[in-house]
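# Examining the three-dimensional arrangement
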Amino acid sequence: MAGVVAKREGPQFISEVSVRGNAAVLDYCRTSLSALSGATAGILGLTGLYGFIFYLISAFLLSLLLILKAGRRWNKCFKSRRLLFTGGLVGGLFTYVLFWTFLYGMVHVY
Amino acid sequence: MPELLLDSNIRLWVVLPIVFITFLVGVIRHYVSILLQSDKKLTLEQVSDSQVLIRSRILRENGKYIPKQSFLMRKFYFNNQEDGFFKQTKRKVVPPSPMTDPSMLTDMMKGNVTNVLPMILIGGWINWTFSGFVTTKVPFPLTLRFKPMLQQGIELLSLDASWVSSASWYFLNVFGLRSMYSLILGQDNGADQSRIMQEQMSGAAMAMPADTNKAFKAEWEALELTDHQWALESVEEDLMSRELDLDGMFSKELPSGIF
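Residues numbered from 1 in each chain as written. Chains lettered and ligands numbered in written order. Predicted model: local features only at pLDDT ≥ 70, side-chain atom pairs only at ≥ 80, totals over all residues. Heavy atoms only, no water.

Moving on: the overall build of chain B. Along its length, chain B carries ten helices and two strands. Ordered by position from N to C terminus, the α and β elements of chain B give α-α-α-α-α-β-α-β-α-α-α-α. Residues counted as buried form 33% of the 259 residues belonging to chain B. Within chain B, contacts between residues at least 6 apart in sequence are counted, and of these 70% link residues at least 24 apart. Within the structure as shown, chain B displays about 17,500 Å² of accessible surface, and the carbon and sulfur contribution to it stands at 64%. (Helix = DSSP H or I, 4+ residues; strand = E, 2+ residues; numbered from the N terminus. Buried < 20%, exposed > 50% of the residue type's maximum accessible area, 1.4 Å probe, protein only. Contact = heavy atoms within 4.5 Å. Areas by Shrake-Rupley, 256 points an atom, 1.4 Å probe, with all protein chains shown as cover.)

So, in structure tokens, the structure goes:
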């Protein structure tokens, strides 16, 4: 009965439902943040480069907060921490630009 | 940069209506796609076949956690030369290709119609209705190359490229509201175009094995190749040699994998 001993690696039992749910939660947070920060940028009257820098700063802050919330058990919830940083950035960018333009138009142009 | 003063009526009757139109069209598209979903008729045989394939796949992936005898027993059930399941079962299946099978064709057409057509129609209508005036200003500077694209209908040569027409405001709405739909309509909503297009592109690659014979054959080969690697060989020494941390194991609340 000699089988080759297989090296046991990390968590192998991954529940599909949980992975999808966690990704949905991340998406939700990212979208809400983009909308709110876009509105803020519009009201504040940021233009051009400042606006994009503001988006990157707020996205980075969101990542920090998410990592803080995941704490030491991020291993149980996510495959890699990189996903918390870069997930949904481009989609968030579009939402950000939309709200930014909208509020900027509302407040500063009219 | 000359600051233009725009009529408040534009704000009330152009900017806001375009936002509402885009959003509501998306919501309507979601519900229409739900209504138009064709019934997928599944027979009992199809369901049991797909379950068998799933069971065989689980056996392949997790075989190393059961004793060798059990693994071989299950493998024998599937792959035996004379009466193994994958060898014996031949299903009478006509593989439906996308061109000949009517249901798949109508599905593709429905997908295209509900997604692309409204966007084009409404974009054209908005361009026709709200044309000839400046709608809003985008907060970031754009180069002159974008002018003809974004300022359709405005014939001012010296106007900044940041002042855009209503058609470009409509497209900005379409792209921006895409992620908002998943906030409001929940996951799997029919209003999110980008996801559907992605699925269409990857769906062509993973054609549904309605051809179960081929799927069985592939599964048989894969199972043949799988070897039993006993991952729990030295489990007794492993567990005994380490400090067993059973502190939290029997408490009521276990940390779950839900974020």
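Let us now look at the packing of helix α5 (residues 89-109) of chain A against helix α7 (residues 166-184) of chain B. Two elements in contact, α5(A) and α7(B), have axes whose closest approach is 8 Å; the angle formed by their N-to-C orientations is 130°. As judged from the angle between their axes, α5(A) and α7(B) are oblique. Crossing handedness for the pair α5(A) and α7(B): left-handed. Residues A:G91, A:F94, A:T95, A:V97, A:L98, A:F99, A:T101 and A:F102 of α5(A) touch α7(B), and the partners they reach there are B:W169, B:L172, B:N173, B:F175, B:G176, B:L177, B:S179 and B:M180. Considering only residue class, the contact of α5(A) with α7(B) consists of ten nonpolar, six polar and no charged. (Axes fitted to C-alpha atoms, helices over the stretch in contact; angles between N-to-C directions. Parallel < 35°, antiparallel > 145°, perpendicular 65-115°, else oblique. Left-handed = near helix turned anticlockwise from the far one by under 90°. Nonpolar A, V, L, I, M, F, W, Y, C, P; charged D, E, K, R; others polar.)

The next point concerns the UniProt feature "transmembrane region" (unreviewed entry) in chain A. As recorded in UniProt, the sites labelled "transmembrane region" (unreviewed entry) are residues 52-71 and 83-107 of chain A. In this annotation, residues 83-107 of chain A is assigned 92% helix and 0% strand; the end-to-end C-alpha distance for the span is 35 Å. (UniProt positions renumbered as here; feature names shortened; annotations may be inferred.)

What follows covers the pattern of salt bridges. Residues and elements named next belong to chain B. Per the stated rule, a full pass over the model turns up two salt bridges over all chains. Across the pair E219 and R60 runs a salt bridge whose closest N-O atoms are separated by 2.9 Å. One end of the pair, E219, is in helix α9 (residues 212-225); the other, R60, is in helix α2 (residues 44-62), with 159 residues separating them in the sequence. By relative accessible area, R60 is classed as partly exposed at 28%. A salt bridge links E221 to K217; the shortest N-O distance between them is 3.3 Å. Taken together, the positions of E221 and K217, both in helix α9 and four residues apart, correspond to about one turn of that helix. Among the residues examined, E221 registers a relative accessible area of 39% and is labelled partly exposed. (Salt bridge = Lys/Arg side-chain N within 4 Å of Asp/Glu carboxyl O.)

Before going further, it helps to spend a moment on α9(B). All names here are of chain B. Across its 14 residues, α9 extends 20 Å between first and last C-alpha, which sits within 8% of the 20 Å expected from 1.5 Å per residue. Listed as buried for α9 are T212, A215, F216, E219, W220 and L223. Buried residues of α9 fall within an arc of 140° about the axis and therefore sit on the same side. Opposite the buried face of α9, by more than 90 degrees, sit the exposed residues K214, K217 and L225. (Expected span 1.5 Å × (residues − 1). Arc of directions from axis to C-beta.)

What follows is about a nonpolar patch on the surface. Residues and elements named next belong to chain A. Side chains of L49, Y50, I53, I57, F60, L61, L64 and F85 sit close together on the surface and give an oily, nonpolar patch of about 820 Å² of accessible area. Here the nonpolar patch gets seven residues from one element, more than from any other, and that element is helix α2 (residues 48-70). Tracing the backbone shows L64 in helix α2. (Patch = residues over 30% accessible without salt bridge, like charges linked within 9 Å, V, L, I, M, F, W, Y side chains within 5 Å.)

Glancing now at the packing of aromatic side chains. Residue and element names in this part refer to chain A. Scanning the entire structure with this criterion turns up nine aromatic pairs over all chains. Each ring, one from F52 and one from W100, has its centre 5.5 Å from the other, and the planes form 85°; the classification is edge-to-face. A residue pair is termed long-range when its members are at least 10 positions apart, and F52 in helix α2 and W100 in helix α5 qualify at 48 residues. Here the aromatic residues F52, Y55, Y96 and W100 are joined through ring pairs into a cluster of three or more. (Phe/Tyr/Trp six-rings, centres within 6.5 Å; stacked < 30°, edge-to-face > 60°.)

Taken together, the contact between chain B and chain A spans 44 residues of the former and 43 residues of the latter. Carbon and sulfur atoms supply 69% of the area buried between chain B and chain A, which totals about 3,600 Å² over both sides. Together, B:P139, B:L183 and B:F259 form the three largest contributors to the area buried by chain B at its contact with chain A, with a combined 22%. Remark: the boundary between chain B and chain A carries zero salt bridges. The interface formed by chain B and chain A holds three residue pairs in polar contact (both at pLDDT 80 or more) in total. (Buried area = accessible area lost by both parts, 1.4 Å probe. Polar contact = N/O pair within 3.5 Å; in protein donor to acceptor, adjacent residues only side chain to side chain.)

What follows covers the side chain of B:S168. Note that B:S168 resides in helix α7. Judged by its relative accessible area of 15%, B:S168 is buried.

Time to look at the UniProt feature "transmembrane region" (unreviewed entry) in chain B. As annotated in UniProt, the feature "transmembrane region" (unreviewed entry) corresponds to residues 12-32 and 113-134 of chain B in the numbering used here. As annotated, residues 12-32 of chain B comprises 100% helix and 0% strand, and the C-alpha atoms at either end are separated by 29 Å.

In this section: the environment of B:L177. Position of B:L177 relative to the elements: it lies in helix α7. For the pair B:L177 and B:S48, spaced 129 residues apart in sequence, the C-alpha to C-alpha distance is 41 Å. Ignoring anything within four residues of it in the chain, the contact list for B:L177 reads A:L98, B:V19, B:T22 and B:F23.

In this section: the environment of B:P17. All names here are of chain B. By the secondary structure assignment, P17 is in helix α1 (residues 8-35). Since its relative accessible area comes to 22%, P17 is described here as partly exposed. Note: C-alpha distance between P17 and Q81 (64 residues apart in sequence) is 69 Å.

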